Amino acid sequence: MSKSIQDAAEGAFKVNSLSNLENADPVAGRVVWDAPRSIWNTGIFLGAIILAPIYFNISALFMFFVLTSVTLCAGHSVGFHRRLIHKSFDCPKWLERVLVYMGTIVGMGGPIWTIKLHDSRDWAQRQPDCHAFLRHEHGFLKDGLLYLHGKLVLDAPPKFDAGKGISDDWFYKFLDKTWMLHQLPLAGILYALGGMSWLVWGVFVRVAACTTMHWAISYFAHTRGPSDWKVEGAVIQAHNVPLLAIPTMGESWHGNHHAFPSSARHGLYPEQIDLGWYFICLLKFVGLARNVKTPKDLPARNNIIPTSTRAMNIVSAEQLTQLETRKLP
């Protein structure tokens, strides 16, 4: 097989960005202080707590909700997660970069760092065992402190490569190195449009809220809640968190996502609101998204088990045939 064909095949079937998994250990490791992010999060949260009451007004609150919704939906949920990490739909490169930039504006990290964090956690949690940090074994407050101020350093981590079109993209490498600085031009624009109140609520309060939301969904979606699917062999099972569906833009349907990670749609059942999916549908309607994947378009998986009678309503015929031979727990 030629190198180009081999690379294409690996790109088509690559689940994530990790390799050398046979020598990696998801258990042994330690949590250390992540100084840059700890200082960043501390400054952002202190700014939000101290300045938000002083500079509150209705227009700033309205702007906060609009800017938070747009950046979380188009940027983090669709750009970072569904497009860059899982490639659940195709779009023009210029649009991908716009979405990824909006994801960077959310204020939690750059695109390459986000892929590494996501894929490392996803891989570890799908093993028979993983480090206590990834199992969310600590209490609510301690888990939040560790998430916002620490990072897990495994003794034997997998090798990481974000892949062609990402790790070798100058723009994404630039965003990864400068992700904190991109709040500055936004702060200038907000100050020019609405003064100090818009700056405070559009940067400090928004970033603090988004960071807290990201941690909260990670904590609750991996510890409790309903789910229609179980992943065999995984120490951590994902759950759906209905109350966070709207503020997380559909990311809280995490039990569905673990069962079908390559699906562009996370809210798979009628009552499950998924604003990220609706945005992708809009992109498809105007001709900017194609090859949009849902469970019916994906190959059958042999390690998932339905845990509800409605679960199999959304799968492909191939997956349905396979699942009919298995019993509901």
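Residues numbered from 1 in each chain as written. Predicted model: local features only at pLDDT ≥ 70, side-chain atom pairs only at ≥ 80, totals over all residues. Heavy atoms only, no water.

1. Observations concerning unusual backbone geometry
Even without being glycine, H136 reaches a positive phi, approximately 55°. Judged by relative accessible area, H136 falls into the buried class, the value being 6%. With phi around 60°, M249 is a residue other than glycine that occupies positive phi space. Residue placement: M249 occurs in the loop between β5 (229-231) and α10 (254-259). (Buried < 20%, exposed > 50% of the residue type's maximum accessible area, 1.4 Å probe, protein only. Helix = DSSP H or I, 4+ residues; strand = E, 2+ residues; numbered from the N terminus.)

2. Here's the deal with the packing of aromatic side chains
Enumeration over the complete set of coordinates arrives at twelve aromatic pairs. A centroid spacing of 5.2 Å and a plane angle of 80° characterise the contact between Y219 and F220, whose relative ring orientation is edge-to-face. In textbook terms, an aromatic cluster arises when at least three aromatic residues are bridged by ring pairs, as seen for F56, F64, F65 and W201. In this structure, R310 is placed above the aromatic ring of Y269, and the distance from its NZ or CZ to the ring centre is 4.3 Å. (Phe/Tyr/Trp six-rings, centres within 6.5 Å; stacked < 30°, edge-to-face > 60°. Lys NZ or Arg CZ within 6 Å of the ring centre and 35° of its normal.)

3. Quick notes on the UniProt feature "domain: Fatty acid desaturase" (unreviewed entry) in the chain
Under the feature "domain: Fatty acid desaturase" (unreviewed entry), the UniProt entry names residues 64-264. Here residues 64-264 runs as 59% helix and 5% strand, with 27 Å between its end C-alpha atoms. (UniProt positions renumbered as here; feature names shortened; annotations may be inferred.)

4. Points about helix α9 (residues 183-221)
For α9, spanning 39 residues, the distance from its first C-alpha to its last is only 29 Å, which falls clearly below the expected 57 Å at 1.5 Å a residue. Bending of α9 peaks at approximately 140° at the position of G194. (Expected span 1.5 Å × (residues − 1). Bend = angle between axes of the 7 residues up to and from the residue.)

5. As for the pattern of salt bridges
Once the charged atoms of two side chains with opposite charge are near each other, the side chains can pair. Applying the stated criterion to the full structure yields 13 salt bridges. Across the salt bridge formed by D129 and R135, the nearest N and O atoms sit 2.9 Å from each other. Look at D129 and you get partly exposed, because its relative accessible area is 35%. Through salt bridges with shared partners, a single ionic network connects R83, D90, K93, E96, R97 and D169. (Salt bridge = Lys/Arg side-chain N within 4 Å of Asp/Glu carboxyl O.)

6. Overview of the side chain of H258
Mapped onto the elements, H258 comes out in helix α10. Apart from the residues lying within four places of it in its own chain, the contact partners of H258 are D122, Q125, R126, H222, V231, A238 and R301. (Contact = heavy atoms within 4.5 Å.)

7. Here we look at the nonpolar core
What tends to happen in soluble globular proteins is that the nonpolar side chains get buried as a cluster. By size, the foremost hydrophobic cluster in this structure holds 20 residues, and its most contacted members are L190, W201 and V205. At the level of elements, α2 (35-54), α3 (58-85) and α9 are the ones that each hand at least two residues to this core. The greatest single-element share of this core, amounting to ten residues, is contributed by α9. Setting aside its immediate chain neighbours within four residues, L190 contacts M63, L67, G195, W198, L199, G202 and V203. (Core = buried A, V, L, I, M, F, W, Y, C linked by side-chain atoms within 4.5 Å.)

8. Some remarks on the confidence of the model for the chain
Predicted confidence across the chain gives a mean pLDDT of 92, with 94% of residues reaching 70 or more. Scored below 50 in pLDDT, residues 1-14 shows three contacts in the model against residues more than four places distant or in partner chains. (pLDDT = per-residue confidence, 0-100.)

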